[in-house]
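In case you want the letters, here they are:
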Amino acid sequence: MSARKSPPKRINLALQGGGALGAYTWGVLDRILEDDRLEIAAISGASAGAMNGVVVCEALVEGGRPEARVALRRFWEGIARAGAASPFRRSPLHAMMLSSLGSVVGDAITAPWAWWLNAMADASSPYTTNPLNLNPVGDVLDGLVDFDRVRQCRTIRLYVAATNVETGRARIFTNSEMTARHVLASACLPQMFQAVEIDGARYWDGGYMGNPPLFPLFDKPASRDVIIVQINPIVRPGVPKTAAEITSRVNEITFNASLLREFHAIDFVARLLDQGRLEEGRYNRMLIHVVSDDAALLPLGSMAKLNTDFSFFEELFAIGRLAADRWIDDHYGDLGERSTVDLHEMFAGEIGPPSHG
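Below, the structure is looked at part by part. (Residues numbered from 1 in each chain as written. Predicted model: local features only at pLDDT ≥ 70, side-chain atom pairs only at ≥ 80, totals over all residues. Heavy atoms only, no water.)

### A short note on the pattern of salt bridges
Next up, step 1: Tallying each qualifying case throughout the model produces 22 salt bridges.
Next up, step 2: For the salt bridge of Arg321 with Asp30, the shortest nitrogen-to-oxygen distance reads 2.6 Å. A residue pair is termed long-range when its members are at least 10 positions apart, and Arg321 in helix H11 (residues 310-331) and Asp30 in helix H1 (residues 22-34) qualify at 291 residues.
Next up, step 3: According to the relative accessible area criterion, Arg321 is partly exposed, its value standing at 22%.
Next up, step 4: Assessed through its relative accessible area of 5%, Asp30 is described here as buried. (Salt bridge = Lys/Arg side-chain N within 4 Å of Asp/Glu carboxyl O. Helix = DSSP H or I, 4+ residues; strand = E, 2+ residues; numbered from the N terminus. Buried < 20%, exposed > 50% of the residue type's maximum accessible area, 1.4 Å probe, protein only.)

### Brief notes about the nonpolar core
Next up, step 1: Among the nonpolar cores identified, the biggest contains 73 residues, and Leu13, Tyr24, Val54, Leu141, Phe147, Met178 and Phe313 are the most heavily contacted of them.
Next up, step 2: The element best represented in this core is helix H2 (residues 48-82), accounting for 14 residues.
Next up, step 3: Sequence-distant contacts of Met178, that is, excluding residues within four places in its chain, are made with Val54, Phe147, Val150, Arg151, Leu158, Val160, Phe173 and Val183.
Next up, step 4: Counting residues in hydrophobic clusters, the runner-up holds 19 residues, among them Ala42, Ala161, Ile172 and Leu343. (Core = buried A, V, L, I, M, F, W, Y, C linked by side-chain atoms within 4.5 Å. Contact = heavy atoms within 4.5 Å.)

### A closer look at the packing of H2 against H11
Next up, step 1: Running from amino to carboxyl end, H2 crosses H11 at an angle of 145°, the nearest separation of the two axes being 9 Å. Crossing angle aside, the handedness with which H2 passes H11 is right-handed. Across the interface between the two elements, Arg69, Arg73, Trp76, Glu77, Ile79 and Ala80 of H2 pack against Phe310, Phe313, Glu314, Phe317 and Arg321 of H11.
Next up, step 2: Grouping the constituent residues of the contact of H2 with H11 by class yields six nonpolar, no polar and five charged. (Axes fitted to C-alpha atoms, helices over the stretch in contact; angles between N-to-C directions. Left-handed = near helix turned anticlockwise from the far one by under 90°. Nonpolar A, V, L, I, M, F, W, Y, C, P; charged D, E, K, R; others polar.)

### Points about the packing of aromatic side chains
Next up, step 1: Overall, the coordinates contain seven aromatic pairs when judged by the stated rule.
Next up, step 2: Ring plane angle 85° and centroid distance 5.4 Å describe the contact between Phe75 and Trp76, whose orientation is recorded as edge-to-face. For the pair formed by Phe75 and Trp76, the shared burial category is buried.
Next up, step 3: With a centroid separation of 5.0 Å and an interplanar angle of 75°, the aromatic rings of Trp76 and Phe313 are classed as edge-to-face. In this pair, Trp76 is assigned in helix H2 and Phe313 in helix H11, connecting sequence segments 237 residues apart. Both residues of the pair, Trp76 and Phe313, count as buried. (Phe/Tyr/Trp six-rings, centres within 6.5 Å; stacked < 30°, edge-to-face > 60°.)

Set out below in structure tokens:
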């Protein structure tokens, strides 16, 4: 008699935003979708993470895992075509030079005048530089995603974060209301696009207040396991010195701030549960995991997030797949049992004399 096959382990995915670096998340998702031992219960995301999540949700309804993997590739191919005219796309000569050095990802610098264009964008307003509020990503979403299916999806809970411009608070959109406009609100960088209006409120990028938002996953969770696909490094050794390095690091800190606050809250609840000061059952002990690859992503500056060259996407995809493969090999047995991130250690030393270690 053959052994009975174990049911798949249900997981929640929390997908960070990061522009073009979302292609790394594409690779992670491709590896997860390939593994029938894993079942996605919910997806929470902001910006590029929200886009990946919406594409997966719709495709799983339409054709299951194989279709979801194909749909993700089509989406990133569409983003590359939409960005073909972008000044941040590498020229063929630059790509050839990088290839001869053995790494396309290792040097994410694009056109030599791209830094000047980025500085101009920081000093200008999309209400003057983009008065028609053109956003080719909307066309890609409309062409590839059937949002009726997303709204009808019952197998995966979907949470997409946006930031209310006037209140500064997070707004979480769910399956039942999802349109391309909601996804564009989640990815609305205020230096590039006009605020997206939905039901009378205006929204900017969700990463400001939830990158990605974890709290929607805590309410009556279908799974206690939350796997965060991290694009923005939390720790970056060394002190930035140039203007570009300083701006890039400030952006990383800003877009990780909400995630760190939620980590802090999860650790606090876990410690109260351990001490018997909270009732298990009324409060959920969430199991936190992170799929990241700082060695590959740390060298990339903020300009890489604007690079729409498909060869760049494919290299990020490969890095993401490999990172997910390593994580599954190392930690599949931990799912449902324990966190693989030591949050208590992460926040040790925040109060008191600074560590000199």
